[in-house]
Amino acid sequence: MSTVCTSEETIKTNLSIQITAKCGRNIQGKKGDNLQSFLQVSIEEMNLGESEKKHANPAKHTIDYDYTCSYNPPNDAHAFSDILQKPVIFTLVEILHEGKKGDLKTAVLGQAVVDFFPLMQGQCSFISTVPVNPVGNVGIKESRQGVSRKQPTLDVHVSVSEPLLTEAEISTCIIMKVTVETAFSVPDAWTLPSGSAHSPFTYFAALEIPLTAESDQTLMFSEGHLKPGGQREGKGRRKRRPFQTLLAPGNQFLPGSFCQPEPIDHEDGELTSLEDQPFRDDAEITKNRVRWDTEFRCFLDASGASRLKEKIIESRLWPVELMRTSVPLSRLGDENPEIPFHGLVFVDLGRLLYPGVSRIRGAYTVHPFYESELLNKAKRKASVLKEQAKIATVLAKSRASIVTGTPKKGAKNLDSASKGGKDQSKKSVLPAKGTIPDETPDSASENEAKVNVEGNMYLEARTYVIIEMSLNRPLVPKPSPEELAQRVKALIPPKPKRPAGPSRAEKAVLDFHTQVGNAVAAVSEQFAELFGANSKLQESLSKEQILAEVMGGLNVSGRYFTFKEQIKRAVVKIVRDKMQRSKPLTDPQEVKEFVSKLYVYLVDEMHVALNKIYSSDVAEDCTDEMKLESCQLRHFAKEAQLTSNYQQAAQYYQELVVRHPDEPLYKFEWGSLYMLIGDYMKAKECYHDAVSTQQTHQPSLMMCGVVAVMFERYNEALTFLERATSLEPPSVEAWTLMGLLHLSLNEAFLPERAFLEAKKVLGEEEANRANADDKTKPSEYNTEEMKAHHDEQETDHPAPPPLPEHDPEFQDHDMEGSGELSSHSDKLWMTPTKFTSSIFTQTLKFLLQNNALQMAEYALTQELLGSKGGCGVPYYYSLAQFQLLKGDYSSAIDSLKEALFYKSQNPDAWALKGHCHYLQGTFTEARESYEWSMVFPEPSSGTHIVLLRLGAIYILEEKFIQAKEVFLQACEQSPSCLTWLGLAKACYRLGELCVAEEALVAATLLNSANAEVWAYLSLISLKSGRLEEGDEYYKNAISFDLQDSSLIEEIGEAKHQTRMSKLASCFNASAQAEFETV
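Calculation rules
- Residues numbered from 1 in each chain as written.
- Predicted model: local features only at pLDDT ≥ 70, side-chain atom pairs only at ≥ 80, totals over all residues.
- Heavy atoms only, no water.
- Axes fitted to C-alpha atoms, helices over the stretch in contact; angles between N-to-C directions.
- Helix = DSSP H or I, 4+ residues; strand = E, 2+ residues; numbered from the N terminus.
- Parallel < 35°, antiparallel > 145°, perpendicular 65-115°, else oblique.
- Left-handed = near helix turned anticlockwise from the far one by under 90°.
- Contact = heavy atoms within 4.5 Å.
- Phe/Tyr/Trp six-rings, centres within 6.5 Å; stacked < 30°, edge-to-face > 60°.
- Buried < 20%, exposed > 50% of the residue type's maximum accessible area, 1.4 Å probe, protein only.
- Lys NZ or Arg CZ within 6 Å of the ring centre and 35° of its normal.
- Expected span 1.5 Å × (residues − 1).
- Polar contact = N/O pair within 3.5 Å; in protein donor to acceptor, adjacent residues only side chain to side chain.
- Salt bridge = Lys/Arg side-chain N within 4 Å of Asp/Glu carboxyl O.
- Pairing = 2+ DSSP bridges.

A. Structural detail: the packing of helix H19 (residues 664–677) against helix H20 (residues 680–693). At a closest axis distance of 8 Å, the pairing of H19 and H20 adopts a crossing angle of 165°. Viewed along their axes, H19 and H20 adopt a mutual orientation that is roughly antiparallel. In terms of crossing hand, the pair formed by H19 and H20 is left-handed. Note on element contacts: H20 touches H19 through Tyr-680, Lys-682, Ala-683, Cys-686, Tyr-687, Asp-689, Ala-690 and Thr-693, opposite Pro-664, Lys-667, Phe-668, Trp-670, Gly-671, Ser-672, Tyr-674 and Met-675.

This is the structure:
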């Protein structure tokens, strides 16, 4: 009960707004310096008071009115809307003559207006200096001497005892601005009378806006003016007030409000495509139009704002009605008014429910009004114009009955809301009924049976109207980047900054180098003590005896025990800090592999330390000369990932992370490796680790969101993706992923908003690329030179191989004859392959690169649903990649056939087709596809793996010369252990053992743990007769887990042959010696 009482008291309590007119400046009248005037203050037709007569101060050119009056509207939402829409009018009146009986002869000097808008923003008082504008054509623009003078002004002070709205109310209420600008391409029947600049018709636009939880407010734009075509509407036109009849011409404009045209592709409405541009240009230049340029300011309390949001969710299309009439509303009828030229516009307000969006503006097509359309599209049952016509008719009848002395019941409340019925605009804002009774089925059917002939003229003329709606705050707030950063920080705390200097891993390696140096110093010192002064003793002993003497001396002196313990501690640090091993190994095989790896690493580092000591070419601060560069490690990791050697790929990424603990990229790529393996928990750890290292790493944030979706942690996913979208530069992938997330959660409006932002970013990226291409476009001279160079290359290179026989459809589509290129295809070969990508195909590229198959499948579905005119090459290519990662090679090949049917000059598609055949084991088809991928001027994006697999196929087919050429190309472009190994295999089979051995040595420098490399070194050593060396290499190969049984068997045969040849040579030598003896 207390709440009810409080609300009733609030409604009954009126506001008290104090209005003080202080001083008029530069005001001149007909009496010159003897000017005497007074002020009349009013709001609409409500008179608030009249000041005393005041004389002007000729010296200061001022008039001190110091007149205060008050405006006491009710404290409710209706009054707040009136305060926003209706200004205070100050009319300055000059006294020309005062009669004996008190009769005054006056003349209006001018008019000034003041808006209450600052009070609705929480201010308690403000001072405004407003211009005093002449009421008619004859005014006070010039002085008697005809010299232009300063603008007359009036100082006004407005105040309230306490704010009209509390801070809480300001944060929940909404001030909405609705502007109807211009209707273009109006029906041909709308023409100006000959010789007249004004139309005899009145042009209306009307709509309803929620006011409170139970009532609406109706906005009536009644000051439309028909204008002839011939030129485009001017830019920066001033917006007009809604109530213009009582205002001087200069006071009809809202200060600081302008109509700002914008490019059609930035508009939110209809007719924004490139195909609509010519029509709009013609309509906005040559054809007649109706101009309103009027802005309504509406107040919505908290419940009204909530109801606006609910109505948009219920139906995003908001109806705006149009009409042209030659009679007042009150004469259109009170039961079922006939609205002439009744049109209907549907404004899409769905974008106002996008986070952070508070303004929409665009062109909206005018349709003929039908109640069925109104109900189906906008979920409304009654016409606003018809309701207003009914109300105007009732009011007119009530006024007529009052004049005749027979007032009707129920007319009192209506009349109080609309004084001054002569002006239709004064009835523009009226509270609408909360519920509208349904019409009877008979009347509805009768209405629908009638054809809106006049309304159909809008369709014939393709009429559209420019409408703008803006809010002082968004209906759905958008979190700030700072807030999103705090949310991410709460989920993944950032790592503390590392202290300056080397990391623990680097310190461990440096400590090992130091201990190796100490050991060398101890051995050198011991050697000097034993043999430094006795060179004859050193010469008399063999190397083995010298070593035994030095070791004995080291043990006796204790030096050996000292540096052994020191090196032991350094090795422990390397195992713990460098190799990240803190738990004991239980599997004997794992122990064996780890010890072998550790031994190789320590030997390499020992060589580095010795080089520091004995090489004068190495700088003192130089680190590991044999250490691989980070770019090489990253290349080897990707190569191992592509060749399914996931353990080795993980080791490379671990090495990169240890080397660069502050670089999130390597942790991100490590996570993508675990995504491929299917270990999503470890992938999540890697992505979170990358974000903790760098909170703004956009790819890691996106993948954190993708993984969170996989674990059904949607709030976390939304936080990560929102943060990714807030970063610069804007990301198509981030916006698209957020849209897919909203779509999977069946959320309204949010997916659409995210996809629109993604399309906007994609358009900007394509525009930037187009500009960059224009800047780098070769000149005519360079083009001719390129053509000549291309002709030379064609004579040097052999013709491309014929198209595969198992894909005959490609020959008919792009080729002529038996594999020969047509002249048209020659031109296509000169141009690089360019796909027309969409936001989904671009996002698919990111998802498939990072093996996020669940979200990739969803993106593929949306691309398929959104494709117009059938699927294109990007879709089929992405689908094939997805099917390849799923292991469905046959389906992937079918998808690639579709892609190649549309565009056969696509090296990436041919390469991917080769991968599918290779993984299926159909090597002949794989070879043909790989060969096709390499004949195009533009190479495929994955040339390295193509060369590796093509070379391997050539070796299987015993085409060793081709294999050698392919592996040589791979070694030149992107050398790795596998490229050198492939070259060594080809050379070994060709009998080029020296070249093969050099290639294997290069391979060991890049990866000393490859079993095949040691196996082929063993073969070459055995073939060269170096049995002991071959045995040692073979042991290394076995220690690194050599699995190739045929290679093991070949090494065994080589060993046997080498032994037999040695035995034979020994037998021949002994026989020759016996023969010589005899």
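More follows now that the structure is in view.
B. Broad picture of the packing of aromatic side chains. For the structure on display, the rule yields 22 aromatic pairs. With a centroid separation of 5.2 Å and 70° between ring planes, the pair formed by Phe-755 and Phe-840 is classed as edge-to-face. Of this pair, Phe-755 sits in helix H24 (residues 750–775) while Phe-840 sits in helix H28 (residues 839–849); the two residues are 85 residues apart in sequence, bridging distant segments of the chain. Judged by relative accessible area, which is 12%, Phe-755 ranks as buried. Given a relative accessible area of 11%, Phe-840 falls into the buried group. Look at Tyr-918 and Phe-923: their rings are 5.4 Å apart centre to centre, the planes differ by 70°, and that puts the pair in the edge-to-face class. Using a relative accessible area of 23% as the deciding quantity, one classes Tyr-918 as partly exposed. When its relative accessible area of 31% is taken as the criterion, Phe-923 is described as partly exposed. Taken together, the aromatic side chains of Trp-190, Tyr-203, Phe-341 and Tyr-458 make up a single cluster linked through ring pairs. In this structure, Arg-462 packs its charged tip against the face of Phe-279, placed 3.9 Å from the ring centre. Taking the ring centre of Phe-711 as reference, the NZ or CZ of Lys-684 above it sits at 5.4 Å.

C. Summary view of H19. The end-to-end C-alpha separation of H19 is 20 Å, in line with the 20 Å expected for 14 residues at 1.5 Å each. Within H19, eleven of the 14 residues are buried, leaving the element largely enclosed by the surrounding structure. The complete set of buried residues in H19 reads Pro-664, Tyr-666, Lys-667, Phe-668, Glu-669, Trp-670, Gly-671, Ser-672, Leu-673, Tyr-674 and Met-675. Lining the buried residues of H19 we find helix H17 (630–642), helix H18 (646–659), H20, helix H21 (698–710) and H28. N-capping of H19 is provided by Glu-663, with a side-chain oxygen placed 3.0 Å from the backbone N of Leu-665. The positive-phi residue at the C-terminal boundary of H19 is Gly-678, with phi of around 100°.

D. Local environment of the pattern of salt bridges. Within the structure shown, the criterion is met by 51 salt bridges. Taking the shortest distance from any N to any O, the salt bridge between Arg-237 and Glu-233 comes out at 3.8 Å. The exposure classification of Arg-237 matches that of Glu-233, with both residues buried. For the salt bridge of Asp-276 with Arg-462, the shortest nitrogen-to-oxygen distance reads 3.9 Å. Separated by 186 residues along the polypeptide, Asp-276 in the loop between strand S14 (253–259) and helix H4 (277–286) and Arg-462 in the loop between helix H10 (453–461) and strand S20 (464–471) bring together distant segments of the chain.

E. Molecular detail of the sheet that holds strand S8 (residues 125–131). Read across the open sheet, the four strands follow the order S5-S1-S9-S8; overall the sheet is antiparallel. Two strands in the sheet have a free side with no partner beyond their single neighbour: strand S5 (62–71) and S8. The sheet shows a mean angle of 15° between the axes of neighbouring strands, direction not considered. Summarising the sheet, S8 and strand S9 (residues 153–160) pair through seven bridges and their orientation is antiparallel.

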